[in-house]
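# Coordinate inspection notes
Below, each chain spelled out in residue letters.
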Amino acid sequence: MGLKRTLQVPKDADFIQQQQSKLMSTMIDTGKELLRISPKNAHQLEFSQNNGRTWHLRGGRPKFEFEDLMVGNGELLAQTTDGLYYSKNNGLSWHIRRR
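So, a few notes on the structure that sits alongside this text. These numbers come from a predicted model, not from an experiment.

### Quick notes on the side chain of R36
Looking at the secondary structure, you find R36 in strand β2 (residues 34-37). At 2.7 Å, the side chain of R36 forms a polar contact with the side chain of E46.

### Re the pattern of salt bridges
One pass over the full model with this rule turns up four salt bridges. Across the salt bridge formed by E46 and R36, the nearest N and O atoms sit 2.7 Å from each other. Separated by ten residues along the polypeptide, E46 in strand β3 (residues 45-48) and R36 in strand β2 bring together distant segments of the chain. With a closest N to O distance of 3.6 Å, E75 and K88 form a salt bridge. Note that E75 is positioned in strand β6 (residues 75-80) and K88 in the loop between β7 (83-87) and β8 (95-98), a separation of 13 residues in sequence. Its relative accessible area of 62% is what places K88 among the exposed residues.

### A few points about the nonpolar core
One finds I28, L35, I37, L45, F47, F64, F66, L69, L76, A78, Y85 and W94 forming the largest nonpolar core, which totals twelve residues. When residues of this core are traced back to their parent elements, those giving at least two are β2, β3, β5 (66-72) and β6. Contacts of L76, omitting those with residues within four sequence positions, involve I28, T30, L35, M70, V71, Y85, Y86, S87, N90, G91 and W94.

### A word on the sheet that holds β8
One key point about sheets: their strands pair by backbone hydrogen bonds, in either a parallel or an antiparallel sense. The four strands are arranged β5-β6-β7-β8 in an open sheet whose pairing can be described as antiparallel. Edge positions in the open sheet fall to β5 and β8, since each of these has one partner strand only. Across the sheet, the mean angle from the axis of one strand to that of its neighbour is 30 degrees, orientation sign disregarded. Judged from the five bridges that link them, β6 and β7 form a sheet pairing that is antiparallel. Bridge pairing in β7 places T80 opposite G83.

Conventions adopted
Residues numbered from 1 in each chain as written. Predicted model: local features only at pLDDT ≥ 70, side-chain atom pairs only at ≥ 80, totals over all residues. Heavy atoms only, no water. Helix = DSSP H or I, 4+ residues; strand = E, 2+ residues; numbered from the N terminus. Polar contact = N/O pair within 3.5 Å; in protein donor to acceptor, adjacent residues only side chain to side chain. Salt bridge = Lys/Arg side-chain N within 4 Å of Asp/Glu carboxyl O. Buried < 20%, exposed > 50% of the residue type's maximum accessible area, 1.4 Å probe, protein only. Core = buried A, V, L, I, M, F, W, Y, C linked by side-chain atoms within 4.5 Å. Contact = heavy atoms within 4.5 Å. Pairing = 2+ DSSP bridges. Axes fitted to C-alpha atoms, helices over the stretch in contact; angles between N-to-C directions.

Here it is as structure tokens:
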């Protein structure tokens, strides 16, 4: 007679959101192109000018990892592992806003 083990998985909204964010990287529409955190490397951004059919790397490779992206007041905002950064050139370069 063997023991039957069951796995209890939390089903709260925070847990589900955390799991979904691990599966799909953040993507935003800037109006001219789609921009996303690379699903292969969180240190890099990718852009698409054909509605996501093909993706290309954008900018350099910063020391921090991107966690979230948003557009506001003519600039990109990025929450990173090193704080909040902004870009006025669609992610080619980043400047610290707050740590």
